[in-house]
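Architecture at a glance
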Protein chains: 2
Amino acid sequence: MSSRPTAEFPTPTKPNARARAASLEDVAALAGVSPGTVSRALSRPEMISEATRQRVLEAADRIGYVPNGAARAMAMRRTLTVGAVIPRFGTSSFPTMVQALETTLAERGYTLLLAAPDNKGSQTTDMVRTLLARGVDALALLGSRHPQEVFALLKTQGTPFVQLWTQDDALGPCVGFDESQAAALVVDHLADFGHREIGFIGGYTRNNERAEARLAGLMRAVAKRGLTLREDATVETEYGLQQGFDAMERIRLGGSPVSAVVCGNDYLAAGALAALDQAGVPVPQRLSVASFNDNEFAPFMHPPLTTVHLPIQEMGEQAGRHLLAVLQNQAPEAAAPLPVHLVIRRSTGPRG
Amino acid sequence: MSSRPTAEFPTPTKPNARARAASLEDVAALAGVSPGTVSRALSRPEMISEATRQRVLEAADRIGYVPNGAARAMAMRRTLTVGAVIPRFGTSSFPTMVQALETTLAERGYTLLLAAPDNKGSQTTDMVRTLLARGVDALALLGSRHPQEVFALLKTQGTPFVQLWTQDDALGPCVGFDESQAAALVVDHLADFGHREIGFIGGYTRNNERAEARLAGLMRAVAKRGLTLREDATVETEYGLQQGFDAMERIRLGGSPVSAVVCGNDYLAAGALAALDQAGVPVPQRLSVASFNDNEFAPFMHPPLTTVHLPIQEMGEQAGRHLLAVLQNQAPEAAAPLPVHLVIRRSTGPRG
DNA sequence: TTGTATGCGTTATCAG
DNA sequence: CTGATAACGCATACAA
């Protein structure tokens, strides 16, 4: 028999404590069955007779029963919850990925727990620890490079995880695309149009694997085509519109003889274009701009710019499917990064 | 004494079950104290002697102890978790708000649980139910109008909540800004420049309080200044770049004699501008475009457009603070919407 | 098909 | 300051 008296008036733990929400036992009492039966009626309908099931459902509905996830988590030893660590939430394509991830997971009943470093000293390790303490069944790590500590934590907790936006699968399964190929596409395109000296506005490579890989890929591609990546036209900065604007100003005022500038993402590109626009520099006649398309708005920007389209949404979905597979089938499912599509959306005009 | 044998070999529940993570009891055993002491050492340091505290901390660290949130939630009757329902995650300013919300909450140890309807039949009510089942201590409802059902659920569960981006506080505390004032600013601006007949591209007003309020505010402002909001230049659509593009095409091809079009958000505006650009329509000489600035990139768009800047980030922070207040002080703290700043970022040129 | 009893890992209460 | 012990609400193995 249960230790909590159901018939008595519920004793508030504290004076200000909110009224206790309905529990399985309350439903059971109302339906005139045992708690176990209610539990089964709700989550294993096939194990119960239709009649009692109806009675239970009605009772549950009548008192507005909502299962207690914490109790359920304790009993089942899983929370139906997945954590996501998401740097630079605002000015990146991460929202798109997160949306895709959330949708994919939600279809199987999983909920997403968010942790977004505010680049004001919040440590990834702490966020992961918090997420683990919340009992996430799995974890998605977006962008950036994470301290070894994080992976140690994940290992001791036995929590499956997946990294997004990287190819470096030394530490675990990854979902990403080929930065080298992306870079090559842009560079080839620019080279075909006769550009020789190009610049680059990208994210800080320090502690940012995405930015690092992007720059590295670009340098390889540039070398391969015999172009020059001019140092006096290469800027590392935070991602953001204002940052793109400022970076382009610096390049422009520096007088570097580049004829094209590649931007690490759309925000930077939009900012850069705004700077050129304001300065009255004709694009692409005087200076071409190219970009990697993190977002959906690059194709709509003016003036047109060469863009490599990155399959953001697909990455989120793929990551979600991978985690679900690990979570459900216990089958790790080869974690090889999916092949991804790269598309030139608009053409950077020939040099003037 | 505990019922689980700590010294014995842990019995796996199922053959495939992952190794159990370290528990309070494991730490206790290692540190040579009782579980209760470990609990206190970790979460109420002031109740414990420095010596044992150190010993416990070291033991916990050594075996990589991470507290079990579910168990903690059961005992404490709270999860240190806040839910957020977020429609249209991808193409809106919601990421910015969510980031602000998350940061504000994280500072006090709260984690954000995400639910993002995919407008493919996923019901808000279900998401709220799921979030409640996860045990969220409070809930943030962004955008849209929610079914009565939702509020009933929240009431029976006694879960505090806050709505963002609305002024309609009939159903509970809200954080929002004055849509009427925002609309008036745009309209006054356009009127001052001599525009008389204007169009509008906005979100579907059906089931979208934001869009509805925005249109209503616009209509009031237009009437007040004696302008005309032309029906043949008013388009309701999904938010998005492509949608803005298409809407403007429709208006343009329809031949409506408007001289200015107001867009419900930046995505729509960007799309509309792209359409005009592609069609070779000079902006703002032939047609002016104005917009509400949901995002941070409007000021960087070309050509310049009148923009009302909405305090997105502040809304997220305000909502976070409100929830924290309710959660911690038990003091509801008057839920009046904060006054918000409205700023004209760029000027829409005079009519040509 | 249904009822009963136990355990899940913490916190909190109450003695010592 | 510390140790034992009782909830917390649910799932599940076992009995009936």
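Rules behind the numbers
Numbering of residues begins from 1 in every chain and follows the order in which that chain's sequence is written. A letter from A marks each chain and a number from 1 marks each ligand, given out in the order of writing. Per-residue local features of the predicted model are confined to residues with pLDDT of at least 70, and side-chain atom pairs are confined, for both listing and counting, to 80 or more; whole-chain, interface and lining totals are unaffected and use all residues. As a rule here, side-chain values cover all heavy atoms of the structure and leave hydrogens and water aside. Any pair of Phe, Tyr and Trp rings, taking the six-membered ring for Trp, is counted once the centres come within 6.5 Å. Such a pair is stacked with planes under 30 degrees apart, edge-to-face with planes over 60 apart, and tilted for the rest. Put simply, DSSP marks the helices as runs of H or I at least four residues long and the strands as runs of E at least two long, and each gets a number from the N terminus on. A 1.4 Å probe rolled over the protein chains alone gives each residue an accessible area, and that area as a share of the maximum for its type sets the label: buried under 20%, exposed over 50%, partly exposed in between. For a ring to carry a charge above it, either NZ of a lysine or CZ of an arginine must fall within 6 Å of the ring centroid while also lying within 35 degrees of the normal to the ring plane. The angle between two axes is taken between their N-to-C directions and runs from 0 to 180 degrees, where each axis is a line fitted to C-alpha atoms and a helix contributes only its stretch in contact. Under this scheme an angle from 65 to 115 degrees is roughly perpendicular, one under 35 degrees roughly parallel, and one over 145 degrees roughly antiparallel; angles in between are oblique. What makes a crossing left-handed is the near helix being turned counterclockwise from the far one by less than a right angle; a clockwise turn instead makes it right-handed. By definition, residues are in contact when any of their heavy atoms lie within 4.5 Å. All residues other than Ala, Val, Leu, Ile, Met, Phe, Trp, Tyr, Cys, Pro, Asp, Glu, Lys and Arg, Gly among them, are scored as polar; the first ten of these are nonpolar and the last four charged. Note on charges: Lys and Arg go in the positive column, Asp and Glu in the negative column, and His and the chain ends are not counted at all. Put simply, a salt bridge is a Lys or Arg side-chain nitrogen that is within 4 Å of an Asp or Glu carboxyl oxygen. Two N or O atoms form a polar contact when they lie within 3.5 Å of each other; inside protein one atom must be a possible hydrogen donor and the other a possible acceptor, and for residues adjacent in sequence the pair counts only when both atoms belong to side chains. Here a strand pair is declared whenever DSSP counts at least two bridges between the two strands. The reported arc concerns the directions from the helix axis to the C-beta atoms and nothing else.

Labelled according to an unreviewed UniProt entry, chain A appears under the name LacI family DNA-binding transcriptional regulator, originating from Ramlibacter monticola.

A complete count under the given rule lists 6 aromatic pairs over all chains for this structure. Judged by centre distance (5.8 Å) and plane angle (75 degrees), the ring pair of Phe94(B) and Trp165(B) falls under edge-to-face. One end of the pair, Phe94(B), is in helix α5 (residues 94–106); the other, Trp165(B), is in the loop between β4 (161–164) and β5 (174–175), with 71 residues separating them in the sequence. Given a relative accessible area of 3%, Trp165(B) falls into the buried group. With 5.8 Å between their ring centres and 70 degrees between their planes, Trp165(B) and Phe177(B) make a pair best called edge-to-face. Here Phe177(B) lies in the loop between β5 and α8 (179–192) and Trp165(B) lies in the loop between β4 and β5, a separation of 12 residues in the sequence. Of the two residues examined, Trp165(B) and Phe177(B), each falls in the buried class. Every member of this aromatic cluster is reached through a ring pair, and the members are Phe94(A), Trp165(A) and Phe177(A). The positively charged end of Arg214(A) is found above the aromatic ring belonging to Phe292(A), 4.6 Å away from the centroid.

Residues and elements named next belong to chain A. Where helix α1 (residues 24–31) meets helix α3 (residues 50–62), the axes come as close as 9 Å, and the angle between the chain directions of the two elements is 120 degrees. In terms of their interaxial angle, α1 and α3 are classed as oblique. In this structure, α1 crosses over α3, and the sense of that crossing is right-handed. Mapping the contact onto sequence places Val27, Leu30 and Ala31 in α1 and Arg55, Val56, Ala59, Ala60 and Arg62 in α3. For the contact of α1 with α3, the residue count by class is 6 nonpolar, no polar and 2 charged.

Residues and elements named next belong to chain B. Assignment of secondary structure puts Asp266 in helix α11 (residues 266–279). Of the buried charged residues, Asp266 lacks a salt bridge, with Arg214 as the closest side chain of opposite charge at 8.1 Å. A polar side-chain atom of Asp266 sits 3.1 Å from a polar atom in the side chain of Ser291.

On to the sheet that holds strand β6 (residues 197–203) of chain A, then. All names here are of chain A. Across the sheet, 5 strands lie side by side as β7-β6-β8-β9-β10; this open sheet has parallel pairing. The open sheet is flanked by β7 (228–237) and β10 (306–309), the only strands paired with a single partner. The average angle at which neighbouring strand axes cross in this sheet is 15 degrees, direction not considered. Judged from the 4 bridges that link them, strand β8 (residues 260–263) and strand β9 (residues 288–293) form a sheet pairing that is parallel. Bridge pairing in β9 places Cys263 opposite Ser291. Strands in contact with helix α9 (residues 209–224) are β6, β7, β8 and β9; relative to β7, the strand with the most contacts, it is inclined by about 170 degrees.

Another aspect to go through is helix α4 (residues 69–76) of chain A. Residues and elements named next belong to chain A. Restricting attention to buried positions, one finds in α4 the residues Gly69, Ala70 and Ala73. For α4, the buried positions fall inside an angular range of 100 degrees around the axis, keeping them on one side. Near the N-terminus of α4, the side chain that reaches the backbone nitrogen of Ala70, with its oxygen 2.8 Å away, is that of Asn68. Taken from the residues just after α4, Arg77 is the one with a positive phi, measuring 65 degrees.

Bringing the pairing of strand β3 (residues 138–142) of chain B into the picture now. All names here are of chain B. Within β3, 5 of the 5 residues are buried, leaving the element largely enclosed by the surrounding structure. The side-chain alternation of β3 yields two buried faces, one formed by Ala138, Ala140 and Leu142 and the other by Leu139 and Leu141. By the bridge criterion, 4 bridges tie strand β1 (residues 81–85) to β3 in an arrangement that is parallel. Considered in β3, the bridge of Val82 is made with Ala138. Pairing between β3 and β4: 4 bridges, direction parallel. Residue pairing in the sheet places Leu141 in a bridge with Gln163 of β4.

All right, on to the sheet that holds strand β8 (residues 260–263) of chain B then. Residues and elements named next belong to chain B. Across the sheet, 5 strands lie side by side as β7-β6-β8-β9-β10; this open sheet has parallel pairing. Whereas interior strands pair on both sides, the edge strands pair on one side only; in this sheet they are β7 (228–237) and β10 (306–309). Going from strand to strand, the sheet's axes swing by 15 degrees on average, the running direction of each strand aside. Strand contacts of helix α9 (residues 209–224): β6 (197–203), β7, β8 and β9 (288–293), with the helix running at about 170 degrees to β7, the strand carrying the most contacts. Sitting on the sheet, helix α10 (residues 241–254) touches β6, β7, β8 and β9, and the angle it makes with β7 is about 145 degrees.

All names here are of chain A. Using the criterion set out here, one finds 13 salt bridges over all chains in the structure. For Glu249, the salt bridge identified is with Arg252, shortest N-O distance 3.1 Å. You can see Glu249 and its partner Arg252 sitting in helix α10 (residues 241–254), 3 residues apart, about one turn around the helix. Taking the relative accessible area as the measure of exposure, Glu249 reaches 18% and is therefore buried. Each of Asp188, Asp192 and Arg225 takes part in one network of salt bridges that share partners.

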